[in-house]
Amino acid sequence: MRLVLAGTTVAALAAAPASAFAVDYLSLEEAQRLMFPDADHFDSREIALDATQLQALDAQGIRGRSARWTVRIARHGDATLGVVVADAVIGKFELISYAVGIDGDGAIRQIEILSYRESHGGEIRLPAWRRQFVGKTQAAPLRVGDDIANISGATLSCTHVTEGVRRIVAVVALARRNGSLP
Amino acid sequence: MSDRRVVRRARPLLGTLVEIGATEIAGASLQATADAVDAAFARIAAQQERLSRFVAASDIGRFNAAPACACIDVGADARTVLAAAAELRDASEDAFDITLGSGPRAWRLDERGLHKLADGVRLDLGGIAKGHAVDCAVASLESGGVDAGWVNAGGDLRAFGELALPIELRDEASGGVRRFATLEDGAFATSRREGPDGASRHASVAAERCLWADALTKVVVATGNASHPLLERFGARGWLHSSPIGSA
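Just so it is clear, the model here is predicted, and its values are computed rather than measured.

Calculation notes
- Residues numbered from 1 in each chain as written.
- Chains lettered and ligands numbered in written order.
- Predicted model: local features only at pLDDT ≥ 70, side-chain atom pairs only at ≥ 80, totals over all residues.
- Heavy atoms only, no water.
- Helix = DSSP H or I, 4+ residues; strand = E, 2+ residues; numbered from the N terminus.
- Rg over C-alpha atoms; globule rule 2.2 N^0.38 Å.
- Buried < 20%, exposed > 50% of the residue type's maximum accessible area, 1.4 Å probe, protein only.
- Contact = heavy atoms within 4.5 Å.
- Salt bridge = Lys/Arg side-chain N within 4 Å of Asp/Glu carboxyl O.
- Buried area = accessible area lost by both parts, 1.4 Å probe.
- Axes fitted to C-alpha atoms, helices over the stretch in contact; angles between N-to-C directions.
- Left-handed = near helix turned anticlockwise from the far one by under 90°.
- Nonpolar A, V, L, I, M, F, W, Y, C, P; charged D, E, K, R; others polar.
- Pairing = 2+ DSSP bridges.
- Phe/Tyr/Trp six-rings, centres within 6.5 Å; stacked < 30°, edge-to-face > 60°.
- Expected span 1.5 Å × (residues − 1).

Caption draft 1: Fine view of the overall build of chain B. Along its length, chain B carries six helices and twelve strands. Taken over the C-alpha trace, chain B has a radius of gyration of 18 Å; the compact-globule value for 248 residues is 18 Å, and the two agree within 12%. Its C-alpha atoms give chain B principal-axis dimensions of roughly 55 × 40 × 30 Å. Relative to its 248 residues, chain B shows a buried fraction of 60%. Summarising the internal contacts of chain B: among those between residues at least 6 apart in sequence, 54% fall at separations of at least 24.

Written out as structure tokens, the structure reads:
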């Protein structure tokens, strides 16, 4: 084990200004190809939930949050293999975007984190801070020594991601029942 | 700086975000490295199924549901973690307690299995199992042909091979991170919680294996002693972080 401290003392560390932290893992296109390697194309479809459907989700204990969802349908020829839905959730200091792959029978196939952003201060609540990351998951190939920094801290709970995944599974099931998804 | 590429992925596992980074396997396709990363995630998911208290059929779920005097048959992961937990409990005068106060001495592991010695004692491996999961994922990557990389389970992390991993410490009070250290071939974990005296403590420990780093942060937080004798015994080093990094 070799550990080289960055600062001289723990007190110096506390006095140093905090910086933001960001990692891009995968673009949505890369994630959907990983989840459905047999797909030869993906169709994008918009789903709009009406008030009754949002209430139905509420009754399942799932906050609908958004009425509009974009679903990517994985296809091989005419056959539907499953769907991929991307979403982003906000924690105390972090913004996490992720994608869920769902099989034709409604089972979760895979969950991949697309990007992770950690703010300092209260920026995370500012729409402008969040907007700057929209569509920024390019996932350039990393090289050793580029930016491989890792965060250590009191364990980050991924409750928001777990809730988000439940919501997406419920939305997809609802859309399949009413025929707006194959 | 090297020209080797890195496969870096993150998934929600163990109740947190788990990140795996793997330098590409020399002489193989990048897909082979991605497959090794997938296998390491699968290893963590399998351990979660066996050790989580939230899974009724897990070794820990069955122990918690069993009556007093039961003897539970447990797997290799549970044996490794429980043996380490017993060693730490005995050496820390119960400061390290996987029963969270429900009966630190009311369980025993021997060659027959895991014995429940009293009704009402419940195990929670939250303070040590993540570290073991990181160690298992590193072993999985190495057996898959990856010679350098890292695994980070929500802040309990380990780096291996020829790679210097910069570690950023999260500011728990106001967000953001500060560069703390660079780690090579070793583990680093951080914990923050209320000590028995009600004060909030925030501590990190570096050790060879992540199981010890993870578990020993709990000892430092519980005792408020970053130079606790147990650290030296496991070749570890500890830090208590001061305000504002750990301020409430």
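Caption draft 2: Representation of the pattern of salt bridges in the model. Residues and elements named next belong to chain B. As enumerated under the stated definition, the model contains 26 salt bridges over all chains in all. A salt bridge links Arg11 to Asp38; the shortest N-O distance between them is 2.7 Å. Of this pair, Arg11 sits in strand S1 (residues 5–13) while Asp38 sits in helix H1 (residues 30–51); the two residues are 27 residues apart in sequence, bridging distant segments of the chain. Since its relative accessible area comes to 34%, Asp38 is described here as partly exposed.

Caption draft 3: Just the interface of chain B and chain A, in detail. Each partner contributes residues to the interface: chain B has 63 residues there, and chain A has 52 residues. For the chain B and chain A pair, buried surface summed over both sides reaches about 5000 Å², with 57% attributable to carbon and sulfur atoms. For the chain B face of the interface with chain A, the top three residues by lost area are Arg8(B), Leu17(B) and Arg170(B), together amounting to 15%. At the junction of chain B with chain A, the criterion picks out three salt bridges.

Caption draft 4: Here's a closer look at the packing of H1(B) against helix H4 (residues 129–143) of chain B. Residue and element names in this part refer to chain B. For the pair H1 and H4, the least separation of the axes is 9 Å and the interaxial angle reads 145°. In this structure, the crossing between H1 and H4 has a hand that is right-handed. For the pair formed by H1 and H4, the contact residues are Ala36, Val37, Ala39, Ala40, Arg43, Ile44, Gln47 and Leu51 on the first element and Ala129, His132, Ala133, Cys136, Ala137, Ser140 and Leu141 on the second. Classifying every residue of the contact of H1 with H4 by side-chain character gives eleven nonpolar, three polar and one charged.

Caption draft 5: Just the sheet that holds strand S9 (residues 177–184) of chain B, in detail. Read across the open sheet, the four strands follow the order S1(A)-S9(B)-S8(B)-S9(A); overall the sheet is mixed. Each end of this open sheet is capped by a strand with a single partner; those strands are strand S1 (2–5) and strand S9 (150–152) of chain A. Between one strand and the next, the sheet's axes are offset by a mean angle of 35°, whatever the strand orientation. Across six bridges, strand S8 (residues 165–170) of chain B lies against S9(B) in antiparallel orientation. Note on S9(B): the bridge partner recorded for Glu168(B) is Arg179(B).

Caption draft 6: Summary view of the packing of aromatic side chains. Residue and element names in this part refer to chain A. Throughout the structure, instances matching the rule amount to five aromatic pairs over all chains. Geometrically, the ring pair formed by Phe21 and Tyr116 is edge-to-face, given 6.4 Å between the ring centres and 75° between the ring planes. You can see Phe21 sitting in strand S2 (residues 21–24) and its partner Tyr116 sitting in strand S7 (residues 108–118), a full 95 residues away along the chain. Across this residue pair, the class does not change: Phe21 and Tyr116 are buried.

Caption draft 7: Quick peek at H4(B). Residues and elements named next belong to chain B. Along its 15 residues, H4 runs 21 Å from first to last C-alpha, staying within 8% of the 21 Å computed at 1.5 Å per residue. The element H4 is extensively covered by neighbouring structure, given that twelve of its 15 residues are classed as buried. If you check which residues of H4 are buried, you get Ala129, Lys130, Gly131, His132, Ala133, Val134, Asp135, Cys136, Ala137, Val138, Ser140 and Leu141. On its buried face, H4 sits against strand S2 (16–23), H1, helix H3 (76–91), strand S6 (149–153), strand S7 (156–160) and helix H5 (210–223).

Structural measurements only, silent on function.
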